[in-house]
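What follows is the residue order along each chain.
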Amino acid sequence: MPTQLAFTRILNDHFAPLANSILSAVHQPAAHPTAPISNAFAMELLVFLVMLVYFVAVRVSLSVEKPSTIQHVSEMIHGFVGEQSESIIGHGYERFTTYLTVLFLFILLANLMGLIPGLESPTSNPVVPLGFALTTFLYYHFHGIRANGFGYVKQFLGPVWWLYPLMLPIEIISHFARVLSLTIRLYANMFAGDLVTLAFFSLIPVGVPLIFLGLHFGVSIIQAYIFMVLATVYLSMAVAHDH
Amino acid sequence: MARMFQISKYFFMAMAAMLLATPAFAQGAATSNPYGPLAVGIGMGIAAGLCGLGQGRATASAAEALARNPGARPGIQLFLFIGLAFIESLTLFTFALLFVRTA
């Protein structure tokens, strides 16, 4: 029986049969049938709910004459992501702003959640960053194929035909290595932040861990930004046309 | 057509080589080793130290570039962040590997 956070326990009390039936439907029965919902999943669900409330609140309070505070905030985030992707992708960046904004906000909220007592970062579990990385992988390949058609294969091949057999495996490995590096970077940063705070808490339980919590706060924001920027860079490479 | 066969031949050869390589990774089960903490100390020390040197060089160059041309701030900042993330991820790979293999 794993330790459960309060929110996870509430979810498990109400939805354990449902989660068990879904898990056995995909032939992956839960290790603990009384607590099939993990902390990471519960925290992800919490992030999802917060973002849903946020976007609904923005949509409801949308106004041209009297923009509310929440509208200013969302315009600021949208402007930030849009400016960033315009400088990297260039022409035709508007299509990707939705995905990149949601990715940024989701990771940011998930990272910062670890600072609140009673909650933990879902991103300190390797499964969650792997989900983000795989989604990004599929998304940029989809847009690469959409933008370049069959010519997208050319990006995986070298400049001359006799380099093709050498370049193709290298490119395939490097594309899968992107998934690995995106996953490990986010996961290890979040996990190491928690671990360092804990280690110093066990040495000096007063005051000093606060410094590392502050450091963790900065790292959380930077990592969310880095993940978004790298997704943008990969997208820009995938949709670039060869001249 | 002959070229297609050639390409696919090399492709499948590479794939076969990778399939053969997989069992090599699986060898050496993670047993609790008395030298585990020592390995963590030395490995993480080397990784963190060299990562610090690399990031120091990158940041120094970025600061210098920024001092010469403050107008180029957005571009320099972007490259600095991406570069630091890639340098740092090497240390994090070490960290993750050490954690998986010695914990």
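Now for a description of the structure that goes with this document. For clarity, every value in this text was computed on a predicted model and none was experimentally measured.

## Considering the interface of chain A and chain B
How big an interface is tends to be stated in terms of the accessible area lost upon association of its parts. Contacts between the two partners involve 15 residues from chain A, matched on the other side by 15 residues from chain B. If you list the elements that add at least two residues to the side of chain A that touches chain B, you get α6 (164–203) and α7 (208–239) of chain A. The biggest single contributor to the side of chain A that touches chain B is α6(A), with 10 residues. In terms of residue class, the side of chain A that touches chain B is made up of 11 nonpolar, 3 polar and 1 charged.

## Quick notes on the nonpolar core
Ranked by size, the top nonpolar core spans 45 residues in total, and within it A:Leu103 and A:Phe227 carry the most contacts. Sorting the residues of this core by element identifies α2 (39–60), α3 (69–89), α4 (97–112), α5 (127–148), α6 and α7 of chain A together with α3 (73–102) of chain B as the ones contributing at least two each. The leading source of residues in this core is α7(A), at 10 residues. Not counting chain neighbours up to four residues away, the residues in contact with A:Phe227 comprise A:Leu103, A:Ile107, A:Phe132, A:Leu182 and A:Leu186.

## Brief notes about α5(A)
Residue and element names in this part refer to chain A. Taking 1.5 Å per residue, 22 residues should reach 32 Å; α5 reaches 31 Å between its end C-alpha atoms and fits that length. What α5 keeps buried is the set Val128, Pro129, Phe132, Ala133, Thr136, Tyr140 and Gly144. Along the axis of α5, the buried residues cluster in a sector spanning 140°; they form a single face. Opposite the packed face of α5, turned more than 90 degrees from it, sit the exposed residues Leu138, Phe142 and Arg146. Among the structural elements, α2, α4, α6 and α7 are those in contact with the buried residues of α5. Among the residues trailing α5, Gly149 stands out with phi positive, at a value near 65°.

What counts as what
- Residues numbered from 1 in each chain as written.
- Chains lettered and ligands numbered in written order.
- Predicted model: local features only at pLDDT ≥ 70, side-chain atom pairs only at ≥ 80, totals over all residues.
- Contact = placed C-beta atoms within 7 Å.
- Helix = DSSP H or I, 4+ residues; strand = E, 2+ residues; numbered from the N terminus.
- Nonpolar A, V, L, I, M, F, W, Y, C, P; charged D, E, K, R; others polar.
- Core = buried A, V, L, I, M, F, W, Y, C linked by C-beta atoms within 7 Å.
- Buried ≥ 20, exposed ≤ 12 C-beta atoms within 10 Å, placed from the backbone.
- Expected span 1.5 Å × (residues − 1).
- Arc of directions from axis to C-beta.

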